[in-house]
Amino acid sequence: MEFQAVVMAAGGGSRMMDLTSSIPKPLLPVGNKPLIWYPLNLLERIGFEEVIVVTTKEVQKMLNLDTKMKLDIVCIPDDADMGTADSLRHIHQKIKTDVLVLSCDLITDVALHEVVDLFRAHDATLSMLMKKAHEPTEMVPGQKGKRKPVEQRDFIGVDDTGKRLLFMANEADLDEELVIKRSLLQKHPRMHIRTGLADAHLYCLKKYVVDFLAENRSLTSIRSELIPYLVRKQFSSPASLRQGQDYKEQDQKKDQKSLDIYSYVKGDSLVEFAPDKSCWNGHSPDPNEAFHGGKVRCYVHIMKEGLCYRVNTLGLYIEANRQVPKLLPALVCPEEPLVHMSAQVTDRGLVGSDSIIGSSTQVGEKTSIKHSVIGSTCTIKDRVKITNCIIMNSVTIEEGCSLQSCLICHNAVIEKGADLRDCLIGSSQHLEPRSKHVNEVIVGSEQLMEI
């Protein structure tokens, strides 16, 4: 087994609390599939037979997936405030090989071999997936007229090939200027800085990186701490060489924050860190150019086309539901129709070809459904108009209602003649007959979140 796969599914979804306060993020429905289904489907399609899923006990109880893969579900403690690096450290004893780590909120049709081939070809410490940063085009229900939070940009430095990852910094961590080390520029006098990229949270990592994490408890996040650390270490000398110590002496003196990744690199003595001793030439005629003074190498595959979403905001959740109907036929059996076979739809001609209707849902006469996703076991009565909406499971919509650009969560009831536009209705909410709501967020008091 060349890789073990790990799906991170323990995050709380803090940037979309109007949804995740009542529905765990990994189980949020996208195209009537739970969000975690998408990374698992990606792994299953390329031949993985077993996946480690790091999640919570709440998600484990509710998880019911149709997959041929063996899911090794590991629950983190309920009271633990654990980042992704903490979660990887939590399962380090299960990791026996190099590892492929994915976030549960990743929806992509990437050719995964592009990331894996970079890892293999360059004997990389890390290879990762990036994509063009994407601003949702759809308006978010209940947020019309409200200022969007300003996203902090990433500064990503790559070489002329666009594949070697040389530099990474987030705008929030910078002062007024971008500082680039001389040691990096000596190795790479030409570096391209890009700001329009987003991390897809898909990583190939050497096993020794997990071994390093197991002991270095100062790192809590893969994305914001571990990856920048590895990128920086490419152009640093091993600590023990720099200090003129041997490893044993170093081990006696180091504390957790001074642990060095070089002391975990397998298969090389310190003497072999010299370029002239290396049999690896990195496809470069100059061994000094190829070796970069160390065995830590980071690469990135930048996705230029295709679908790639990280569903970590309300806007991206809505956007993903809009786009997924185009993707689903390629991901599941082509025979599985967008309107489920068990759904009872009286006037099929009034259901748009880009709409999805889930199992056991009943749709009444003269009801129009356009550009929408309808969950399972919903009851939609006669003469209802639904346009550009996401409606989750077990929702009841009574006769004569009109819904446009709305998000309706599980078990909500919309009474007769209600008119909703640009609204988010929380789980189990009950709207009065003939009520009118525009640009509102209606959730239980325990779900309220400041937007």
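In short, a report on the structure. Remember, predicted model here, so these are calculated numbers, not experimental data. Note on numbering: residues in each chain are counted from 1, in written sequence order. The model is predicted, so local features are restricted to residues of pLDDT at least 70 and side-chain atom pairs to those at 80 or more, both for listing and for counting; the totals for chains, interfaces and linings are taken over all residues. Side-chain measures were taken over the full set of non-hydrogen atoms in the model, leaving aside hydrogen atoms and water.

Details of the nonpolar core
In plain terms, the rule: Buried Ala, Val, Leu, Ile, Met, Phe, Trp, Tyr and Cys residues form a nonpolar core when they are joined through side-chain atoms within 4.5 Å. Think of it in three bands: with a 1.4 Å probe and only protein chains considered, a residue is buried below 20% of the maximum accessible area for its type, exposed above 50%, and partly exposed in between. Each helix is a run of H or I in the DSSP string that is no shorter than four residues. Each strand is a run of E no shorter than two, and both are numbered from the N terminus. Note on contacts: a residue pair qualifies if any of its non-hydrogen atoms lie within 4.5 Å across the two residues.
The biggest cluster of nonpolar side chains holds 60 residues, and the ones touching the most others in it are Leu19, Ile36, Leu43, Ile107, Leu202, Tyr317 and Leu407. At seven residues, the largest contribution of residues to this core is made by helix H12 (residues 314–331). Ile107 has contacts with Val30, Leu35, Tyr38, Leu307, Cys308, Tyr309, Val311, Ala320, Val324 and Leu327, leaving out every residue within four places of it along the chain.

A look at helix H2 (residues 37–45)
Burial analysis of H2 places seven of its nine residues in the buried class, the great majority of the element. Inspection of H2 places Trp37, Tyr38, Pro39, Leu40, Asn41, Leu42 and Leu43 among the buried residues, and these make up the whole buried set. Two residues or fewer after H2 comes Gly47, characterised by a positive phi angle close to 105 degrees.

Some remarks on the pairing of strand S6 (residues 98–103)
Here is the rule we go by: By the convention used here, strands pair only if DSSP detects at least 2 bridges between them.
Extensive coverage of S6 is indicated by the burial of six of its six residues. Of the two faces of S6, the one holding Asp98, Leu100 and Leu102 and the one holding Val99, Val101 and Ser103 are both buried throughout. Bridge count between strand S1 (residues 3–9) and S6: six bridges; the pairing is parallel. The residue bridging Ala5 from the neighbouring strand is Leu100, located in S6.

Focus: helix H5 (residues 113–121)
Because the α-helix completes a turn every 3.6 residues, residues three or four places apart line up on one side. Rules: Think of it as the arc spanned by the lines of direction from the helix axis to the C-beta atoms.
Turning to H5, its buried residues are Val115, Val116, Leu118 and Phe119. Down the axis, H5 shows its buried residues gathered within 155 degrees of arc, on one side only. Contacts from the buried residues of H5 go to S1, S6, strand S8 (126–132), strand S12 (197–205) and strand S13 (298–303). In the stretch just after H5, Asp123 is the one whose phi turns positive, near 50 degrees.

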